[in-house]
Structures are given as C-alpha cells and as structure tokens.
Amino acid sequence: MGTVVSFDVSADDADELAVRAAVKVAVEWLHHVDAVFSTYRPDSDISRLNNGELSLAACSPLVGQVFELCSDVARETRGYFSSTFAGRLDPTGLVKGWSVERASELLRDAGLPNHCVNGGGDVCARGGPDPGRGWSVAITHPLRRDGFAAVVEVRDGAVATSGTTERGLHVVNPFTGRPATQLASVTVVGPDLTRADAYATAALAMGDAAREWFDEIADYEALAIAPDGVGWATPGFTSIAALPT
Amino acid sequence: MRRAILAFVATVAGLVVLLSFKTASGKSTNRPVALAGTTPSDQTASSDNSAPSDNPAPAASSTPSSQPSQPGQSTPTQTPTQTPTKAPTKAPTKTAGTKTVTGSSVPVTEGFRTFGNVQVQVTVSNGKITKLVAVDYPNGDPRSYEISRYSIPVLGQEVLSAQGTSIDIVSGATYTTEAYAQSVQAALDKAKS
C-alpha cells in the first residue's frame, strides 16, 4: 500500500512488553494485507486474480470478505464507491480503512482498550490517551498549509479524510470516468473506519450531492471543503467538532 | 500510565520510524525512546519550532547533491519498499544537551513515479525534538512544490504534536508522509549514536 501506519497506545509502564507484542502482531497483519491486496505487487493475490493466474476460490479468504464489503459499500454509496479501476479489480479504496480497523481490533483483543491507529491519515481511535478524554484528531485543511480545518474528539470511532490535495486528482467519478473536482477534501467521522474511509472517497466522487446523501447515512458525519475554501458540514459534524473561528 | 507512540512504514518489514513514550501526567515530558539515555525535559515544543513551515524554499538549495527526480521518471519496482540510500550529509552537531542531525534523503513516490526526495534535519534538546527543518523536498515541478509547501509543515507539526501538545492525531493523507517519517527516524538514529 505504501503508507505509514502509526500506533498510539495508552498503557501502564508495566505493560510495555505487552504493547510491543500486540503492535508486532498488528504490524504483521498489515504486511499480510499488503501481500494479499497490493496492486503494485505482481505476486499479490489481487494481481494474480486480475491476470487470471488465480481463481477467487484459490485466493486468500480475505479477498472474498473484502469484495463482499465492497459490494455492500457500493450499494450504500449509490455506486459512487467502486472496486474496479481501469477494468481491473482494485479494492484499494476499501482495504486501507478495513485493515487499519482490524489492526485496531487486534490491539483491543490483546487487552489494550486505549489506542489510536493512524493509517496514512485515516484514524481508528478507541478509548482515550488519558482518563477522562478522547483522542483529539486534527483534520488537515486542503488549502491552508498552516492550519487545521477542524478538531474532533473521538473515543470509539473513526476519522477518514479523502482529498485531491495530493498528487493530482486521484478520485474518479465512476459514472463519468472523470476526476472529481467539486470538493478538495471530505472528512468522515463515524463508528467504523472501513466505511468512514470508503464514504469519504465516495463523497469526494459525488461532490456537493454528497451533502444530501449523508442525510440518509446514520451515524456518519462529514466535513467537506471545496477548492475555493468554502465548506459544508453535516449538522451532526458541527455538534462534535471544534471549528476554527 | 504512559503512552507509547510507535510509527512504522507498513511496506517495509519491521522498520520503526518513530517511537516515543510520554508520562501521562498532563505535562509534556515526552522523550523519544530512540534517544534512550537522555533526560526528559518539560520543554514544550512551540509552534515556532515547526520551522520548515514558514520557509521551505531556501533550505532546498543547501543540499545541491540531492536533486529531485523529474516527475514521470519510472522506477522498476514498487518504490515504497526502497530503502534510503543516501548517507546523512551532516555530522551531528553537539552542544550541551542539544543535537542537530540530518536524516537520510528518502525518495517520495506514488505508484511508479518518483517526485523527489525528502530530507529532514532534526534538533533534539534534552531528549525532546524541538525543531524540524526539511532541507530537501520535492520541488522539481510546480505541483510538487505546492504539495511540499502544504504537507511538510503539517508533517513537522505532527511529529511535534506527537510529543504532547493538545492534538493527538492528524487525519488527512500525504504521500510525502512516508518519506518524511523515514528521514526523521534516520536522524533520530544518528542522534542516539
């Protein structure tokens, strides 16, 4: 996938070895996901599936799970989330959020309820860094280099940002085949990172129509910023976020 | 209770980029574990310390040896697995409790394209990162320059805030992140030795 994943774990001093062991397991999981799903690796299951060298049944069972999720999310997003690109299977848009979510579950199951996993800017947060507060997640502003667009406090939830601020316009409207240009970035906050990440990407492809679409999506809130710096947020988002004045 | 911050590059086996511990007493007494043996301090990183933010451009000329690759240049394999090849350009500078070290020059890639290199100079005072300066960053074309101008300060801020300011995590992806983190870690390794 070619991204950085950071782990932020709140734990007692005495648990340092347990933290290291749990993080090691989570890291191994992420490497495994990369080996199965990377479209850049010719030996990955996805690449071999695309090249006809491997049948779906012969792939890792994770592949079937992910495509099932992809079809659910495609339906939920009215087709704006797509797991094919240029005629090839490419579930990349879902795999990052999903694998980070699972990495967080591994930490939780290892007895570490207070942690935050950040996969290249897509954040899964559980518990809090200190007793009595959740994780403060700052959302980068797509146009201003010296400030954040908002800060949200998250206890058990996810924050994902999808944007066109990086190398060119990498999100394509699957209905027109053209790059999405209406919005510079979309941030989605919700209970599950798999969906938050995929919804952010889909909303970017939808453009301003996403504002209405979010009305029918329970539990997920969004902040969008257009290339001219004008933004909108769902009502729920403004109630949980600290927005700069 | 204390907090561990552990970052790594997912595509490079076992590469630990940042690892620091913080005592969760409300004071910013974090210290990078990579600098074991140094004394934690109560010094707080001020926003001034995100120096790369304000003026990245002039710094680029200080590393004439690392010319950013031109966009469109292809690389034979997936480049995230590439290891930094360039040796640090600067020996550690030592004053009482303060060290300034320059990390490796790390290529910034997306897919099969290489856009340039990121190289970060890190100042450590009493075991705490107090300043990050990007001495090199992709700037070979206007688009890369724009991205660097935007992302480098955010990355510097993220490293500093990992040490205990009010923000815990930053959402919003940059491909520059990976190269930046690798260079910072290389600098921390240098500071430790």
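Per-chain numbering applies: the sequence of each chain, read as written, is numbered from 1 onward. Think of it this way: whatever chain is written first is A, whatever ligand is written first is 1, and the rest follow in order. Reporting in this predicted model follows two pLDDT cut-offs: at least 70 for local features of residues, and 80 or more for side-chain atom pairs to be given and counted; totals over whole chains, interfaces and linings ignore these cut-offs and use all residues.

### Focus on the overall build of chain A
Basically, it comes down to this: Put simply, DSSP H or I for four residues or longer makes a helix, DSSP E for two residues or longer makes a strand, and each gets a number counted from the N terminus. Exposure classification rests on a simple neighbour count of other C-beta atoms within 10 Å of a residue's own: a residue reaching 20 or more is buried, one at 12 or fewer is exposed, and one in between is partly exposed. C-beta atoms are placed from the backbone. Contact between residues is assigned whenever the C-beta positions, reconstructed from backbone atoms, fall within 7 Å.
On a plain count of helices and strands, chain A comes out with seven helices and twelve strands. Taken across its 245 residues, chain A has 51% of its residues classed as buried. Taking the intrachain contacts of chain A between residues at least 6 apart in sequence as the baseline, contacts between residues at least 24 apart amount to 57%.

### So, the overall build of chain B
Scanning chain B from terminus to terminus reveals three helices and nine strands. Reading chain B from its N end, one meets helices and strands in the order β-β-β-α-β-β-β-β-β-α-β-α. Within the span of chain B, comprising 193 residues, buried residues form 53% of the whole. Considering only residue pairs separated by 6 or more positions, chain B has 63% of its internal contacts joining residues 24 or more positions apart.

### Re the packing of helix 4 (residues 92–109) of chain A against helix 5 (residues 193–206) of chain A
All names here are of chain A. Going by this rule: Angles run from 0 to 180 degrees between N-to-C directions of axes, and those axes are lines fitted to C-alpha atoms, restricted for helices to the stretch in contact. With respect to orientation, any angle under 35 degrees is reported as roughly parallel, any angle over 145 as roughly antiparallel, any angle of 65 to 115 as roughly perpendicular, and every other angle as oblique. Note: crossing handedness is left-handed where the near helix turns anticlockwise from the far helix by less than a right angle, and right-handed where it turns clockwise.
Interhelical geometry of helix 4 versus helix 5 gives an angle of 155 degrees and a closest axis separation of 7 Å. Between helix 4 and helix 5, the angle falls in the class roughly antiparallel. Along this stretch, helix 4 crosses helix 5, giving a crossing that reads as right-handed. When helix 4 is examined against helix 5, the residues Gly 93, Leu 94, Lys 96, Gly 97, Trp 98, Val 100 and Glu 101 are found in contact with a partner set consisting of Leu 193, Thr 194, Ala 196, Asp 197, Ala 198 and Thr 201.

### Quick notes on the nonpolar core
Taken as a class, soluble globular proteins show a tendency for nonpolar side chains to be buried jointly. The cut-off we apply is this: As used here, a nonpolar core is made of buried Ala, Val, Leu, Ile, Met, Phe, Trp, Tyr and Cys residues. They are joined through C-beta atoms within 7 Å.
The biggest cluster of nonpolar side chains holds 70 residues, and the ones touching the most others in it are Val188(A), Ala196(A), Ala203(A) and Ala222(A). Setting aside residues up to four positions removed in sequence, Ala196(A) forms contacts with Gly97(A), Ala158(A), Val159(A), Ala160(A), Val188(A), Val189(A), Gly190(A) and Tyr220(A). Listed in part, the 23 residues of the second largest apolar core include Val101(B), Val108(B), Val120(B) and Ala187(B).

### Thoughts on helix 4 of chain A
Residues and elements named next belong to chain A. Filter applied, for reference: How far a helix is expected to stretch is found by multiplying one less than its residue total by 1.5 Å.
Between its first and last C-alpha, helix 4 extends 26 Å over 18 residues, near the 26 Å set by a 1.5 Å rise per residue. What helix 4 keeps buried is the set Gly 93, Leu 94, Val 95, Lys 96, Gly 97, Trp 98, Ser 99, Val 100, Glu 101, Ala 103, Ser 104 and Leu 107. Positioned one or two residues after helix 4, Gly 111 has a phi angle of 85 degrees, which is positive.

### Digging into the pairing of strand 10 (residues 221–225) of chain A
Residues and elements named next belong to chain A. How we decide: Here, any two strands with at least 2 DSSP bridges between them count as paired.
Most of strand 10 is tucked away, with five of its five residues classed as buried. Every second residue of strand 10 is oriented toward a common face, with Glu 221, Leu 223 and Ile 225 on one face and Ala 222 and Ala 224 on the other, all of them buried. Across five bridges, the pairing between strand 9 (residues 185–190) and strand 10 is antiparallel. Directly across from Val 188, in strand 10, lies its bridge partner Ala 222. Counted along the chain from strand 10 to the antiparallel partner strand 11 (residues 231–233), the turn is five residues long, and its residue Gly 229 has a positive phi close to 90 degrees.

### A word on helix 3 (residues 61–76) of chain A
All names here are of chain A. Here is the rule: An arc is given here, and it is the one of the directions from the helix axis to the C-beta atoms.
Here helix 3 spans 23 Å end to end across 16 residues, near enough to the 22 Å set by a 1.5 Å rise per residue. Of the positions making up helix 3, those classed as buried are Val 63, Val 66, Cys 70 and Val 73. In a view along the axis of helix 3, the buried residues occupy a sector of 90 degrees, so they form one face of it. Exposed positions of helix 3 whose direction lies more than 90 degrees from the buried face are Pro 61, Gly 64, Gln 65, Glu 68, Ser 71 and Arg 75. In the core, the buried residues of helix 3 are packed alongside helix 1 (16–37), helix 2 (45–50), helix 4 and helix 5.

### A closer look at unusual backbone geometry
In most cases, non-glycine residues show a negative phi, while peptide bonds are predominantly trans. Residue and element names in this part refer to chain A. We note that Arg 78 has phi near 55 degrees; this positive angle belongs to a residue other than glycine. Summarising the element assignment, Arg 78 is placed in the loop between helix 3 and strand 2 (84–85). Owing to 13 C-beta atoms within 10 Å, Arg 78 belongs among the partly exposed residues under this scheme. For Asp 219, which is not a glycine, the phi torsion comes out positive at approximately 75 degrees. Relative to the elements of secondary structure, Asp 219 occurs in the loop between helix 6 (210–213) and strand 10.

### Remarks on the confidence of the model for chain B
Residue and element names in this part refer to chain B. Under the convention used in this document: Looking at any residue, its pLDDT shows the predictor's confidence there, from 0 to 100.
Chain-level pLDDT for chain B is 52 on average; 33% of the residues reach the 70-or-more range. Confidence, expressed as mean pLDDT per element, reaches its minimum in chain B at strand 3 (residues 31–32) with 28 and its maximum at strand 5 (residues 98–102) with 83. A low-confidence stretch, residues 1–92 (pLDDT under 50), is modelled with 225 contacts involving residues beyond four sequence positions or located in other chains. Scored as a whole, the predicted complex attains pTM 0.66, and scored at its interfaces, ipTM 0.76.

### Quick look at the environment of Ala233(A)
Residues and elements named next belong to chain A. For Ala 233, the position within the fold is in strand 11. Classification of Ala 233 by C-beta neighbours within 10 Å gives buried; the count is 21. Between the C-alpha atom of Ala 233 and that of Thr 187, which follows or precedes it by 46 residues, the distance is 9.3 Å.

### Remarks on the packing of helix 1 of chain A against helix 4 of chain A
Residues and elements named next belong to chain A. Keep this limit in mind: As a working rule, the residues Ala, Val, Leu, Ile, Met, Phe, Trp, Tyr, Cys and Pro are called nonpolar, Asp, Glu, Lys and Arg charged, and the rest polar, with Gly in that last group.
Their axes nearest at 9 Å, the elements helix 1 and helix 4 cross at an angle of 155 degrees. As judged from the angle between their axes, helix 1 and helix 4 are roughly antiparallel. Considering how the two elements wind past one another, helix 1 and helix 4 form a crossing that is right-handed. Between helix 1 and helix 4, the contacting residues are Ala 22, Val 25, Ala 26, Trp 29, Leu 30, Val 33 and Phe 37 on the first element and Val 95, Ser 99, Arg 102, Ala 103, Leu 106 and Leu 107 on the second. For the contact of helix 1 with helix 4, the per-class residue count stands at eleven nonpolar, one polar and one charged.

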